[in-house]
Amino acid sequence: MGDLEYVGKRILRKDGPEKVTGQAVYTVDLQLKNMLVGRILRSPHAHARILHVDTTRARQVPGVKAIITGKDTLGIKHGFVETPRYPADQYPLAMDKVRFIGEEVAAVAATDVYAADEALRLIEVEYEPLPAVFDPEEAMKSGAPEIHPTHPKVKEPLMNIGGKTTSEWGDIEAGFQEADYVREDRFESHLRTHGYLEPQATVASFEPDGKLNVWTSSQGPFLKRAKLAKTLGLPFSSVRVLKTYVGGAFGGKIDLFSHEFCAALLSMKAARPVKIVATREEVFTAFRHGQPLIVTVKTGVKKDGTLVAQQYRVINNAGAYRGSGVVVIFLAWGFAMAPYRVPHFKYEGYSVFTNNPVRTPQRGHGAPQLRFAVESQLDMIAEELGIDPIEIRLMNSRESGEQLPNGDNVHNCGLKDCIKEIAKHTDFHNARGKRGGNSGQRYKKGIGIGVSSYFGGSLIYPNSSSVIVKMNDDGSVTLLTGALDIGQGAETIHSQIVAEELKIPMEEIQVIAADTETTPVDIGSWISGNAYVCGNATRVAAGNVRKQLLELASQELEASIDDLVFKDKKVYVAGSPSKSLTYGELVALSIRTRRGDPIIGEGHWRTMRDEPTHPSLATTKGRWTENYAFDTQTAEVEVDTQTGKIRLLRAVTAHDCGFPINPLLVEGQIDGQVSMALGHAFMEEIMMEEGRTLNPNWLDYRMPCIRNLAPSEHIDVITEQYRVGQPYRTKEVGEGYVSAILAAIANAIYDAVGVRLFSTPFTPEKILKGLGRLG
């Protein structure tokens, strides 16, 4: 990193001052002239047929300007996944049936919230209740209430199967025959929510000329535009989604949500702006939560710990519609495949409809649940065989350049170095296995380890990112990007890349972002691809500008391009600083000599550029990604053997994130993920009974506060380098590190008190039962 001035440096976030001074405008802050308040009527039933909806009395409430029901829509479905195999399956407003408590049935726009709520109260809906099912394994059984027909490609006699993923290589039965030791275990994870501080919020304003303007708390404007245009029957050119700051998302604000559609259609009906802000209770009861998984894993190993065969059965509780259920069972296969070498492998994943709210990605999107199962079982196997947990991981870990069974390549893989570094940093071997020596003590400590791999970028609409870098007359730069900064620092790192390529101060780079009307397309802030996909597009755009500056300066200064140097917004001849041209002079020269052309660079980037389509969600055939990050994490815990309470004392993350564009932001991501994993392990749980949320508020949901957090340490294993003008492979850093730490906590608990936990959360009750202190 020696000659780098901006990339790889700990540079403060560009949006920091606006946020800490309260000047940042979030969707909930927007106020437009004559704006109406939107409210949504939701189903009280988990499963029912809609017989009749009467809005007559509601329309008579003073101040009510518009009311919509399913009959006012075009009847066009949408879905998180929309492919020939998995077509869209949810109406923006329920038409014939409701399938979960809280499903959207009607919406109202009024001059104030009191009139809107009164109108909702007066809408009369006649329902015919239907049998419901909430547990995925019960929903799969023959005779279960049918929420949707089982997918036609699933030939097993199962009910409510929204999708299935299968993958296999080697010979699984032969693999188990070859193994010296085989064990099978079942692990369950629980329902959690994202915990974003800004609730779901949308403002829509339909103009007389037919333009629909939308501001919404989301993770990417271009996907929102596509789905709003489709469901509203509008051309893309008539829908503009504009940037606002986003108060947290973590995967919970990706897909089209009914409140966004309702705000738009109500504005079109009322000819006035409409704002819908979900209450916190609505967020907890009716919006999308994460993905609980049931993972059964059977593993066969040689006596020395070499993995021979592994078989998985994963069941996802998708909720009332497909949501991201068919994606998470596909991703779980990848999270199983990536870190370790397994010659015989079989995977089956089922996404199951239930009468629960729809599910969506949550940080890690299945990786924490899958790695919890695998890493816990690996520790059990190591103990049974008398093998060190570090050694069993080292002997099975992927190495640089390995080709994966699906055709991907791990490229520069730092997993083994991560394992070695963390073992040394934590003195793992000496810290572990102290349980027998402190048998009389109330408080017992333990250490555990976990390994994970996560991908960065894949082919999901719109599949690519484009960036424009425009040089202004004075040599400053305007960066136009469709990337939306949702807290990860996107605008900062893209500015760092431009600054590095052009040697221009960060403060002279203005970012115009995330406006479908004025900025180029972007994949959005999910699938952990922003730094890699949009970052490379930014590098290409800035490199295009760099090339133009060099060509102009070479001609004017009568020097070879190879002899030219960039510094202080100038291009000069190496060894002759007086022979130079400022960027402003070069812009003027371009306009004068190139028929008025300014200096503008375009950059485009698509992951897996040679692959025509994304892989099959059903068969996993086809390449998935070209970008794998790896990490190893340890957790040190203290367990109170009298109360069962567990405390995380220390978390250490050794990670291979390629090249860290901004180490400060990387560390912030790691600390945030450790905090989220702590909540996953000990505290956070959506409690539901027959489809109804029992704890729809912050007080009863219980998220970690500052007093709950533990010291979080970081070890960088840098496997890539940044070179100006050259493609780079910075890897993901926003999701993978929430995964291994969960397993590390489970393994640390076992090391402390000898209680093996097979389900989350890790509660005092489970500890006391394991210790034989509770019946």
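Note: the structure precedes this text.
Here we summarise the structure given alongside this text. (Residues numbered from 1 in each chain as written. Predicted model: local features only at pLDDT ≥ 70, side-chain atom pairs only at ≥ 80, totals over all residues. Heavy atoms only, no water.)

Focus on helix α3 (residues 113-122)
Within α3, burial applies to A115, A116, A119, L120 and L122. Down the axis of α3, the buried side of the element spans an arc of 165 degrees, and every buried residue falls inside it. Residues of α3 that are exposed and angled more than 90 degrees away from the buried face: Y114 and R121. In the core, the buried residues of α3 are packed alongside β1 (36-42), β2 (48-54), α2 (56-59), β3 (64-69), β5 (104-110) and β6 (124-129). (Buried < 20%, exposed > 50% of the residue type's maximum accessible area, 1.4 Å probe, protein only. Helix = DSSP H or I, 4+ residues; strand = E, 2+ residues; numbered from the N terminus. Arc of directions from axis to C-beta. Contact = heavy atoms within 4.5 Å.)

Considering unusual backbone geometry
Each neighbour pair has its own omega, and for Y461 with P462 the value is 5 degrees, a cis peptide bond. Of note, P462 is situated in the loop between β16 (443-455) and β17 (464-471). Each neighbour pair has its own omega, and for T760 with P761 the value is -5 degrees, a cis peptide bond. Looking at where P761 falls in the secondary structure, it is placed in the loop between α19 (740-753) and α20 (764-770). Even without being a glycine, H365 presents a positive backbone phi close to 40 degrees. By the secondary structure assignment, H365 is in the loop between β15 (344-353) and α10 (367-385). Given a relative accessible area of 6%, H365 falls into the buried group. Residues other than glycine seldom take positive phi values, yet S528 does so here, at roughly 45 degrees. Along the chain, S528 turns up in the loop between β19 (509-513) and α15 (530-557). Relative accessible area serves as the criterion here: at 18%, S528 is assigned to the buried category.

With respect to the pairing of strand β18 (residues 477-481)
By the criterion of burial, β18 is predominantly enclosed, with five of the five residues buried. Burial along β18 is two-sided: the residues V477, L479 and T481 and T478 and L480 are all buried. Pairing between β17 and β18: five bridges, direction antiparallel. Considered in β18, the bridge of K470 is made with T478. Where β17 hands over to β18, the hairpin turn is made up of five residues, of which G475 adopts a positive phi near 90 degrees. As paired elements, β18 and β19 share five bridges and run parallel to each other. In the strand pairing of β19, T481 is matched with A513. For the crossover that starts at β18, traverses helix α14 (residues 490-502) and ends in the parallel β19, the hand is right-handed. (Pairing = 2+ DSSP bridges. Right-handed = clockwise from strand over helix to strand, strands pointing away.)

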